[in-house]
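# Coordinate analysis (summary)
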Amino acid sequence: MKKFLSLVLALVMTMSLVTVSAGAEDFADDGEITYKEAVDVISALGIVDGYSDDSFRPDGVLTRGAAAKIICNLILGPTTAEALSAGTAPFKDVPVTNTFAGYITYCSQQGIISGYADGTFRPTGTLSGNAFMKMLLGALGYDSSIEGYTGANWTVNVIKQAVGIGLDDGNDNFVGSQAVTREEAALYAFNMLNATMVEYDQQNTIVVGDITINTTSSRKDRANTTDSDGNIDRDRLMQFAELYFTDLSKRSGTTDEFERPSTTWRLKSQTIGTYADEADVTYTSTVKVGDIYSDLGLDDGIDDSDVTLYVDGKDVTSTWGAGDIVRGSRVNATASGNGAVTQVFYDEDADTITIVVVNTYVGKVSSVRNASSTRDAYVTLDVGDSFTGPGGTYDTDEFDKDDIVYYTYSYKTGEKCIESMGLAESVTGTMSRYTTEGSVTVAGTKYDANVKSADNIKQMASTVDRSEDVTVYLDPYGYGLYVDADTSVEYAVVLNYTAQAGDFNDTAKAKLLFTDGTTATVEVDVSAIDTSGTFTTPTGGKLSKYDIVSYSIDSDDVYDLNLVADSQAGKAGGSFSLNNGSNTFSITDGNKANVNGSKNTTAADGKTIFLVADTSGDKTTYSVYEGFANVPTIKHNGGTAGAVAVFMDSTSNGSPATVVFIEKNDDMTMISDNEDVIYIKGSNDLQSYTSDLGYFYEYDAFINGEEGVVRTSDQYKYDALVYGPIYNEKGIMTGAQSQASAGANTYAGNGNVSNLVGTDSVTNDVIKLGNKHFAYTSDVNTYFIDVDGNLEASDITAIAKDDTDQVFVKTNDKGLLTDVYVKVVDETETVNPGAGTFSAVMGKGTSAGNLTLTVSSTDTTDNTTTFTAKIYAFALASGKDTAVEVGTVGTQTLSSGTFKVAPAITGTVGTQVYYAVVTMSSGEVVTTSTIIGG
């Protein structure tokens with residue numbers, strides 16, 4: 001028996017059932033036509049026309065006048081029918097000038113149609129299915145008076161006969177009393193082409209007085225002894241098309257692009273199209289073998305050797321693993337699944353079954369091309385990301401760039417292309433739930449995943465914050481094809497973890513480094529991760545420090561973590577490769593990625609997130625870079641390499657990494673191609689924040705000698721010189737090849753930068769700065785920064801002797817000065833207590849760890865001036881920024897105008913500490929300049 005497709009299923013399957021050639025009319029609203037085969041054939045014959053705007057309007061209602069035209073076109077052919085005219089008005093409401101007058105006249109004369117009792121025909125009125133079927137039966141040779149198509153019960157007799165010969169085939173929802181649409185008229189006319197005509201042996205009327213006697217033999221099928229037999233059916237009977245359209249032929253036994261049993265229609269030498277036969281049963285979800293048995297109405301089972309399986313046009317019979325087709329089998333039919341159209345064709349004579357599965361894929365329109373002189377308009381699909389299928393191009397002008405579409409694809413030899421395409425319906429709302437099978441609940445409705453999209457949706461949904469809105473795209477059968485969600489911060493690196501961190505020591509917490517560069521300690525749910533290992537020891541498959549996890553946040557702000565990539569020791573020495581501007585890297589043994597090294601990759605792209613934890617300083621700093629063009633070069637210089645982790649959100653090895661983590665330790669350097677030299681004017685200003693940049697510090701600076709502003713991730717309390725700044729994708733400086741501040745010197749990378757105190761003049765092409773002599777390049781950049789912070793470009797020969805000026809220098813790889821910044825320090829304040837000028841200067845002692853205080857007067861005979869002094873320190877190890885008293889000098893008297901002492905200092909003199917002295921004399925205060933200890 002047949003289990004016919006419902007109208008809804010037929011609507012969504014239309015595009016994948018047909019291969020259309022040039023003979024078929026190409027209507028602008030082709031996608032809205034349900035009965036594609038019927039409309040193609042009927043329009044190719046010219047029986048039903050389209051409109052001037054190239055549309056067919058399949059749902060338009062058929063009028064009585066248009067129905068008469070269709071009948072005439074069927075019987076006479078379009079050319080002859082068009083020449084029909086009416087000499088007199090056939091009905092009182094059909095003047096000879098009416099568009100349909102000739103058609104109506106002919107059909108009336110042939111007894112095919114009749115008017116109403118009031119003498120009207122009502123040509124613009126709608127036509128019921130019953131009335132149209134009556135017309136078609138008349139054209140096939142059925143006599144109205146003999147068959148009882150008149151009188152009170154005419155509709156019963158008409159429908160009984162019409163249904164009996166299959167005039168309504170294809171429309172399971174036929175209701176005779178309803179008005180006929182244009183495409184229904186095409187369907188019924190198409191069925192008539194296939195129907196066998198009838199005739200009557202004899203038909204006599206005898207009148208005896210007032211009595212009329214009709215004598216007739218029984219109706220019989222009309223024979224066909226002409227060459228047209230076989231055009232429709234080789235049965236020696238006359239099908240309607242074999243009489244009136246002898247150039248039309250139907251060839252059964254072919255297969256379409258998906259290897260479905262099909263019929264090909266040809267008009268003369270031109271192919272109209274190839275159309276899949278109607279399947280005996282059709283499914284759009286996973287089906288059990290036992291259900292196929294029952295739905296086919298089988299009495300006996302079918303051996304699995306008599307089952308042929310095609311998937312997307314490819315013969316995969318060898319993969320059939322569902323066994324025999326028998327009653328009650330609960331085994332899933334091979335390749336069937338949600339969103340896959342599974343069609344079963346039963347050959348009753350051979351007792352064999354052909355199963356054809358057509359999958360539904362999803363892609364994004366990546367480009368739209370207009371028609372040219374050599375090709376029709378077409379679109380190209382992007383099937384990367386979480387899309388599915390092989391992709392390709394498809395001839396159409398119905399889609400826009402970035403549209404999400406569903407499509408079918410055939411691998412049949414000679415095809416291997418996209419066969420159909422449609423715009424995917426979408427639903428947007430809060431995703432409240434997902435399952436490991438790939439279903440998602442959006443806006444309160446659960447959507448099971450399409451069989452080809454389930455893995456992608458499952459992996460993606462597990463990373464989405466379930467409180468956020470997502471958009472799920474559906475296939476024509478209501479299954480999820482693709483989920484679009486904001487996943488810009490879907491991964492994090494685990495910096496610390498404790499299983500008991502709550503107020504009652506029963507709440508697990510973790511410190512996470514997010515992909516926007518921020519860190520936070522949050523409550524976590526790690527039920528999906530093995531936590532039995534030692535956290536500080538990288539262990540595959542178990543939660544460890546620097547692992548990469550995906551996360552979602554529930555309504556209680558608990559982070560649900562899933563392990564996606566293990567941390568591991570990075571490659572050592574020269575084998576560690578991560579270079580700015582290169583889209584390949586090699587930082588792990590075997591280029592391992594993900595959990596337990598289950599994947600491998602050396603690729604990055606413009607969206608790869610690089611997270612760097614710099615553990616080389618006293619305080620760990622974190623930086624984030626998006627894309628291979630922004631990540632700095634990181635080198636390993638020998639020793640122990642830092643930890644690394646690589647996550648690749650793809651099922652294919654070698655795909656670009658999604659997140660890469662690197663721990664930059666003391667044995668590693670971070671280098672950029674940027675060769676700027678920046679003098680930063682340090683300050684105690686606190687962080688700033690914007691939604692675009694996040695948190696950052698902002699300082700006035702001189703960039704290559706030009707005044708500007710620099711934003712940094714780290715605080716600079718003191719002036720600093722930076723060489724080779726490293727910026728993240730937001731333009732925030734996160735590090736440098738070398739830098740030195742007034743509080744610390746850093747020698748690293750290409751181009752040493754250091755901070756010194758004290759200057760001298762150039763002698764014999766060498767200059768003494770601090771306690772070191774330097775040669776310099778011929779174009780050395782020299783700048784003076786005055787006490788007000790203004791920069792003045794100068795020449796190295798302008799530098800003179802000064803014991804207190806601060807100097808920042810950069811040297812090249814030969815040790816030659818390339819840049820010199822001299823920060824002029826305030827001159828020592830003086831008072832004039834008597835005849836001379838009184839001054840106090842703090843200096844370094846002759847041995848490390850000592851300071852000296854020299855108090856003097858220009859009056860060398862001064863033996864009476866007395867003073868006291870207090871020594872203060874700044875930037876102590878405690879982190880205080882205010883001055884702290886660390887030493888005193890009791891009342892002293894100048895002797896011969898000079899007093900020099902090494903004051904006692906509390907604690908060890910620090911090499912990264914500023915010292916200053918405040919001297920009191922005759923009620924006046926004298927403050928020395930600051931000096932770095934050591």
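This structure is a prediction, so every number in the text was calculated from the model and none was measured. (Residues numbered from 1 in each chain as written. Predicted model: local features only at pLDDT ≥ 70, side-chain atom pairs only at ≥ 80, totals over all residues. Heavy atoms only, no water.)

### A closer look at the state of the cysteines
As a reminder of what qualifies: The rule for a disulfide is simple: a pair of cysteine sulfur atoms within 2.5 Å. Accessibility here uses a 1.4 Å probe with only protein chains present; expressed as a share of the type maximum, an area under 20% marks a residue as buried, one over 50% as exposed, and anything in between as partly exposed.
For the structure shown, the criterion picks out zero disulfides. Here Cys72 stays free of any disulfide, with the sulfur of Cys107 as its closest cysteine sulfur at 3.7 Å. With relative accessibility at 0%, the residue Cys72 sits in the buried group. A relative accessible area of 0% means that Cys107 is categorised as buried.

### Examining the side chain of Asn594
Formally: Working definition: helices are DSSP H or I runs of at least four residues, strands are E runs of at least two. Numbering for both runs from the N terminus. Residues adjacent in sequence count toward polar contacts only when both atoms are side-chain atoms; beyond that, a polar contact is any pair of N or O atoms within 3.5 Å, and within protein one must be able to donate a hydrogen and the other to accept it. Any two residues whose heavy atoms approach within 4.5 Å at even a single point are treated as in contact.
Position of Asn594 relative to the elements: it lies in the loop between β32 (592–593) and β33 (599–600). Residue Asn594 is classed as buried on the basis of its relative accessible area, which comes to 10%. Side-chain polar atoms of Asn594 contact the backbone nitrogen of Met648, separated by 2.8 Å. Residues contacting Asn594, with those up to four places away along its chain left out, are Val564, Ala565, Asp566, Lys599, Val646, Phe647 and Met648.

### Things to note about the pairing of strand β27 (residues 548–553)
One face of the sheet, then the other: side chains in a regular strand alternate in exactly this way. Put simply, the rule reads: In this description, strands pair whenever DSSP reports at least two bridges between them.
Buried residues dominate β27, accounting for six of its six residues. Taking every second residue as pointing to the same face, both faces of β27 are buried, with Ile548, Ser550 and Ser552 on one and Val549, Tyr551 and Ile553 on the other. The sheet contact formed by strand β24 (residues 491–498) and β27 spans three bridges and is antiparallel. Along β27, the bridge assignment pairs Val493 with Ile548. With six bridges connecting them, β27 and strand β28 (residues 559–565) associate as antiparallel partners. Considered in β28, the bridge of Ser550 is made with Asn562.

### A closer look at the confidence of the model for the chain
Filter applied, for reference: Per residue, pLDDT measures the predictor's confidence, with a range of 0 to 100.
Per-residue pLDDT for the chain averages 83, and the proportion of residues at 70 or more is 83%. By mean pLDDT, the top-scoring element of the chain is strand β10 (residues 307–311) (97), and the lowest-scoring one is helix α1 (residues 7–13) (37). Note on residues 746–750: pLDDT under 50 across the span, and 14 contacts to partners over four residues away in sequence or across chains. Confidence drops under a pLDDT of 50 for residues 876–882, and excluding neighbours within four residues, the segment shows eight contacts in the predicted structure.

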